[in-house]
Amino acid sequence: LSQIGAKDHVIFLASNGYSHRGKNWRTTKSFERISIIQNDTKIKFTASDYTRLSTISANGAPKFKELSLFKISSNNNFIPSEDWGLELIYESKDGGSEKIILNYSINKNLVIIDPKAGKEIFNNSIWTETWLQSKFRISILVVFLILLIFITIFQDYLMLYRKQYKILRICYLTFTLLWIGWYTGAQLSIFNILSVIKTPINGFDISYFLIDPLIFILLIFTIISALILGRGLFCGWLCPFGAFQELVTYIGKKFKIPQLFVSERLNSRLWSLKYFILLSIIGSSFISMETTYLITEVEPFKTAIMTKFNRGLPYVLYAIALLLLSLFLERGFCRYACPLGASIAIIGKLRFTDFLKRRKECGSPCNLCTSSCPVQAIPSNGKQKGKIIMSECFRCLDCQLEYFDDTRCPPLVKRKG
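Residues numbered from 1 in each chain as written. Predicted model: local features only at pLDDT ≥ 70, side-chain atom pairs only at ≥ 80, totals over all residues. Heavy atoms only, no water.

K.L.:
How should I be thinking about the sheet that holds strand β5 (residues 66-72) in this particular structure?
P.N.:
Two strands in a sheet stick together by hydrogen bonds in their backbones, pointing the same way (parallel) or opposite ways (antiparallel). As summarised here, the arrangement of the 3 strands in space is β1-β5-β4, forming an open sheet in which the pairing is antiparallel. The open sheet is flanked by β1 (9-15) and β4 (50-52), the only strands paired with a single partner. Across the sheet, the mean angle separating the axes of adjacent strands is 25° when strand polarity is ignored. Direction of pairing for β4 relative to β5: antiparallel, over a ladder of 3 bridges. From the neighbouring strand, Arg52 faces β5, where its bridge partner is Ser68. (Pairing = 2+ DSSP bridges. Helix = DSSP H or I, 4+ residues; strand = E, 2+ residues; numbered from the N terminus. Axes fitted to C-alpha atoms, helices over the stretch in contact; angles between N-to-C directions.)

Here's what the structure looks like:
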């Protein structure tokens, strides 16, 4: 749903037996067996309009062989409150075909009349009911967001307890992956940011943003936290795939798998890649959404988090490859290729604080934090030597653990005498 505009629509089709998708759509990139008919307009679907579903999560839902979502672009002038029909082409084994029309009329109780505009509009109770039904999930998410705020505010105190903090972080990342990601599916993607960017063009529809409560809360929290602290709070703590990568790295280190070190020169150049991908996505979205969907597959979120690897083999292999990379290189995808991280980093350029402490000795002569930073966000050379590059920082707080450790930080060890 994050891939549609505020004025677009989505139709859900489910079937058993005869396939509504057909056999050749993967090669032809179009669905010849189905089309939508409303008045004199016939709407055909292409591969870029299609999203496969694996199951219906509702309790007691029937089982279907095929589950599909199809986007209906606003360019088709489709009016969901009016009657329409689904045209299905039935192809028999002897080569013949027959058109079958399935008529559909929306329940009029879901439509109200706008007295000022004199037109039909959808009842906003649809999203308000969704929020009421999700109140338990919302409560859990809010509690953990408050916990993250407390961790940030009292981080100086937590840094005095290295072992306990490490356990806390691993537990929080596990919650992010299992509950936020796999259980609720609240994984932000670049499409969420793209929807905000294109609001002046597609029009602002608050119900579009409110239809998924957890995504809405996370999006607002991410934007606000980025303006205050930079990208690190979301990318380092609340991104399910980011948490997945870091947990894989943690396992790799436990098994003493050697970690890759990227030279600082190459590392700084690779940082630029994610911004190039972001610009490509934004630029293509104004030209061809089909191309945009193709580029956004660089994000493995849909495969590894939303569908739990229940996708085509190429997508699964790509996501697994990124996770295997994490055994050797911490957050390689986040650091170099994530367009969502790049967009949040740009928002974070406006931040007015960072909450991360430094000393005048940091970078010269001491480089302890440089070697301790797992994502190489603290250069040991150049103009920014010893400084934390906040656009590349994931707020793991390893540098702060060193900063407050009077048994490791050279300035503190010297003062302790």
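K.L.:
Where do I start with the sheet that holds strand β2 (residues 30-38) in this structure?
P.N.:
Reading across the sheet, the 4 strands line up as β3-β2-β6-β7 and stay open at both edges, with antiparallel pairing between neighbours. The open sheet terminates on both sides in strands that have one partner only, identified here as β3 (41-46) and β7 (97-104). Sheet twist, expressed as the average angle between the axes of neighbouring strands with direction ignored, equals 30°. Relative to strand β6 (residues 84-91), β2 runs antiparallel, the two sharing 4 bridges. Bridging from a neighbouring strand, Ile34 pairs with Leu88 of β6.

K.L.:
What is the right way to read the packing of aromatic side chains from this model?
P.N.:
The relative placement of two aromatic rings is captured by the distance of their centres and the angle of their planes. In this structure the tally under the stated criterion is 27 aromatic pairs. Ring centres 5.4 Å apart and planes at 85° place the aromatic pair Tyr172 and Trp237 in the edge-to-face group. Placement of the pair is Tyr172 in helix α5 (residues 162-183) and Trp237 in helix α10 (residues 232-238), with a sequence separation of 65 residues. The residues Tyr172 and Trp237 share a single accessibility class, namely buried. Their ring planes at 75° and their centres at 6.5 Å tell us that Phe244 and Phe309 sit as a pair that is edge-to-face. (Phe/Tyr/Trp six-rings, centres within 6.5 Å; stacked < 30°, edge-to-face > 60°. Buried < 20%, exposed > 50% of the residue type's maximum accessible area, 1.4 Å probe, protein only.)

K.L.:
What's the story with the nonpolar core in this structure? I'm lost.
P.N.:
The nonpolar side chains of a soluble globular protein tend to be buried, and buried together. In this structure, Leu238 and Phe241 are the most contacted members of the largest nonpolar core, which totals 73 residues. Ranked by residue count, the leading element in this core is helix α9 (residues 213-229), at 8 residues. Discounting chain neighbours no more than four positions away, the residues touching Phe241 are Gln187, Pro300, Phe301, Ala304, Ile305, Leu322, Leu323 and Phe333. Counting residues in hydrophobic clusters, the runner-up holds 15 residues, among them Trp25, Phe45, Phe78 and Leu88. (Core = buried A, V, L, I, M, F, W, Y, C linked by side-chain atoms within 4.5 Å. Contact = heavy atoms within 4.5 Å.)

K.L.:
What is the right way to read the environment of Lys385 from this model?
P.N.:
You can see Lys385 is positioned in the loop between α18 (368-372) and α19 (398-403). Among the residues examined, Lys385 registers a relative accessible area of 35% and is labelled partly exposed. Placed 23 residues apart in sequence, Lys385 and Cys362 show a C-alpha to C-alpha distance of 8.3 Å. For Lys385, the residues in contact, after removing those within four places along its chain, are Cys362, Gly363, Ser364, Asn367, Pro379 and Ser380. Of the polar contacts made by the side chain of Lys385, one reaches the backbone oxygen of Gly363; its length is 3.4 Å. (Polar contact = N/O pair within 3.5 Å; in protein donor to acceptor, adjacent residues only side chain to side chain.)

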